[in-house]
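Commentary on secondary and tertiary structure
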Amino acid sequence: MGEPRLKSVQCSSPAGLHRMAYKEWGDPANPQVLVCVHGVTRVADDFDALASAMSDRYRVVCPDVAGRGRSDRLRDPNLYVVPQYVADMVTLIARVTANNEEGTVHWVGTSMGGLIGMILASLEGNPIRRLVLNDIGPVLDGAAMARIGDYIGQDVRFASFEEGARFVKEVSTSFGPHSDEEWHKLASDVLVQEPGGAWVRHYDLGLAKPFAAITPERAAQDQAALWGAFDAIRCPTLLIRGELSDLLSRATAEEMTRRGPKPQLAEIPGVGHAPTLMHASQIAIVRDFLIN
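All figures in this text were calculated on a predicted structure; none of them were measured in a lab. (Residues numbered from 1 in each chain as written. Predicted model: local features only at pLDDT ≥ 70, side-chain atom pairs only at ≥ 80, totals over all residues. Heavy atoms only, no water.)

As for the overall build of the protein
Worth spelling out the cut-off: Helix and strand assignments follow DSSP, with helices taken as H or I runs no shorter than four residues and strands as E runs no shorter than two, numbered in order from the N terminus. A simple rule labels every residue: compare its accessible area, found with a 1.4 Å probe on the protein chains alone, to the largest value its type can have, and call it buried under 20%, exposed over 50%, or partly exposed in between. Note on contacts: a residue pair is in contact if any heavy atoms of the two residues lie within 4.5 Å. In summary, the charge assignment counts Lys and Arg as positive and Asp and Glu as negative, without counting His or the chain termini. We put the charge of a Lys on NZ, of an Arg on CZ, of an Asp on CG and of a Glu on CD.
Helix and strand counts for the protein stand at 10 helices and 10 strands. The principal-axis extents of the C-alpha atoms in the protein amount to approximately 50 × 45 × 40 Å. In the protein, which comprises 292 residues, the proportion classed as buried is 53%. Of all intrachain contacts in the protein linking residues separated by at least 6 positions in sequence, the fraction that spans at least 24 positions is 73%. Of the side chains in the protein, 29 bear a positive and 36 a negative charge, and the two mean positions are spaced by 3 Å.

Written out as structure tokens, the structure reads:
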């Protein structure tokens, strides 16, 4: 419904100020706001189909998290961590709920975007009233995290868009079946052409730096903290899991349904990490939870 508007908001980090870009769909005066946050190397455009479908009921706000897409790169790559992202989202929500006396939002987060939402929703006085966690939980599989870290740090360049698109499809097969047109969009959203002509992925390779600092001890501490955050969530929550996901196991998903907000669980057959929420059947799952 309608075309999105490209906007940005100024955020702060210990290294200085940076601009976070976001796409906004729907009536700009609508006080009902839905925030959709993408995965670690993806961008706001991932939610175009969902945002368009939901813009009849919400003003849908989809940010490019710092270091990705249209947003600024951080001066210190060590700040590419969830606490910084949470702070940026608090700033964004303050901006987009200025005409909402309660300052509240609904939230859809895929992978990293779900982690950000989980932490934010655990805080006292937080603005999230309904939460959708897309293929993410408090337990992060070590092998999957290593795979993601290696993928993020590869400085790969492509002579043509078509070459880059083939790469994106190869590393994203866990998204499940998509049409050629959908794969083209998934690639075009995250590829950008440099002045010299080469095509590269549209994010700061410095995103990989915090992954390299993860030790087994640190991972155990982070997991305990994430479970603590999850258990503190009080808003209605929907957990979506790709049936073949290697990042969110079925055992973890089932444990989540017994703890914290005791979320509803929806499993997407034939899909790994993570459901793209591009297809009508997946959009319907989100819409039914948020609106009904």
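Details of helix α9 (residues 250-257)
Selection rule: Directions are taken from the helix axis to each C-beta atom, and the arc is the one they span.
The complete set of buried residues in α9 reads Thr252, Ala253 and Met256. For α9, the angular spread of the buried residues around the axis is 100°, confining them to a single face. The inward-facing, buried residues of α9 contact β6 (128-134), α8 (216-232), β9 (237-242) and β10 (264-268).

Things to note about the side chain of His273
Keep this limit in mind: Residues adjacent in sequence count toward polar contacts only when both atoms are side-chain atoms; beyond that, a polar contact is any pair of N or O atoms within 3.5 Å, and within protein one must be able to donate a hydrogen and the other to accept it.
Within the secondary structure layout, His273 lies in the loop between β10 and α10 (280-291). Only 2.5 Å separates the side chain of His273 from the side chain of Asp135, close enough to count as a polar contact.

With respect to the packing of helix α2 (residues 82-96) against helix α3 (residues 112-122)
Test applied: Here an angle of 0 to 180 degrees is reported between the N-to-C directions of two axes, which are lines fitted to C-alpha atoms, with helices fitted over the stretch in contact. Orientation is classified from the angle alone, with under 35 degrees giving roughly parallel, over 145 giving roughly antiparallel, 65 to 115 giving roughly perpendicular, and any other angle giving oblique. Ten residue types, Ala, Val, Leu, Ile, Met, Phe, Trp, Tyr, Cys and Pro, are classed as nonpolar, four, Asp, Glu, Lys and Arg, as charged, and the remainder, Gly among them, as polar.
Orientation of α2 relative to α3, taken along the N-to-C sense of each, is 75°, at an axis distance of 9 Å. By the angle class used here, α2 and α3 are roughly perpendicular. On α3, the residues that touch Val82, Tyr85, Val86, Met89, Val90 and Ile93 of α2 are Met112, Leu115, Ile116, Ile119 and Leu120. Looking at side-chain class alone, the contact of α2 with α3 contains 11 nonpolar, no polar and no charged residues.

With respect to the packing of helix α5 (residues 161-171) against helix α6 (residues 180-188)
Where α5 meets α6, the closest approach of the two axes is 9 Å, and the angle between their N-to-C directions is 100°. One element, α5, and the other, α6, form an angle in the roughly perpendicular class. Mapping the contact onto sequence places Phe161, Ala165, Val168 and Lys169 in α5 and Trp183, His184, Leu186, Ala187 and Ser188 in α6. Here the contact of α5 with α6 is built from residues that sort into six nonpolar, two polar and one charged.

As for unusual backbone geometry
Omega for the bond connecting His273 with Ala274 falls within 30 degrees of zero, at 5°, which places this linkage in the cis form. With respect to the helices, strands and loops of the structure, Ala274 is situated in the loop between β10 and α10. One non-glycine residue, Lys262, lies in the positive phi region at around 45°. Mapped onto the elements of the fold, Lys262 is located in the loop between α9 and β10.

Observations regarding the pattern of salt bridges
Operational definition: Salt bridges are counted wherever a side-chain nitrogen of Lys or Arg sits within 4 Å of a carboxyl oxygen of Asp or Glu.
This structure, assessed with the given rule, holds 19 salt bridges. The salt bridge partner of Glu24 is Lys7, with a shortest N-O separation of 3.0 Å. Here Lys7 lies in strand β1 (residues 5-13) and Glu24 lies in strand β2 (residues 16-25), a separation of 17 residues in the sequence. One salt bridge connects Glu255 with Arg258, and the closest N-O pair in it is separated by 3.0 Å. Accessibility expressed as a relative area gives 53% for Arg258, which makes it exposed. Among the charged side chains, a salt-bridge network with shared partners connects Lys23, Asp45, Asp48, Asp64, Arg70, Lys185 and Asp189.

Some thoughts on the pairing of β2
To keep it simple, the criterion reads: Here the rule is simple: two strands pair whenever DSSP picks up at least two bridges between them.
Burial runs high along β2: seven of the 10 residues are buried. Sheet analysis places β1 next to β2, joined by nine bridges and oriented antiparallel. When the bridges of β2 are listed, Cys11 appears paired with His18. Between β1 and β2, which follow one another and run antiparallel, lie two residues. Of the pairings in the sheet, the one linking β2 to strand β4 (residues 59-63) comprises four bridges and is antiparallel in character. Across the sheet, Lys23 pairs through a bridge with Cys62, a residue of β4.

Here's the deal with the environment of Ala94
Locating Ala94 in the fold gives a position in helix α2. On a C-alpha basis, the gap between Ala94 and Val192 in space is 30 Å, while along the polypeptide they are 98 residues apart.

Topic: the sheet that holds β2
Sheet strands associate in pairs through backbone hydrogen bonding, adopting either a parallel or an antiparallel arrangement. Spatially, the eight strands line up as an open sheet ordered β1-β2-β4-β3-β5-β6-β9-β10, and their pairing is mixed. Two strands close off the open sheet at either side, each with one partner strand: β1 and β10. The mean angle between the axes of side-by-side strands here comes to 20°, regardless of whether they run parallel or antiparallel. The strands touched by α2 are β1, β2, β3 (33-37), β4 and β5 (105-110); relative to β1, the strand with the most contacts, the crossing angle is about 130°.

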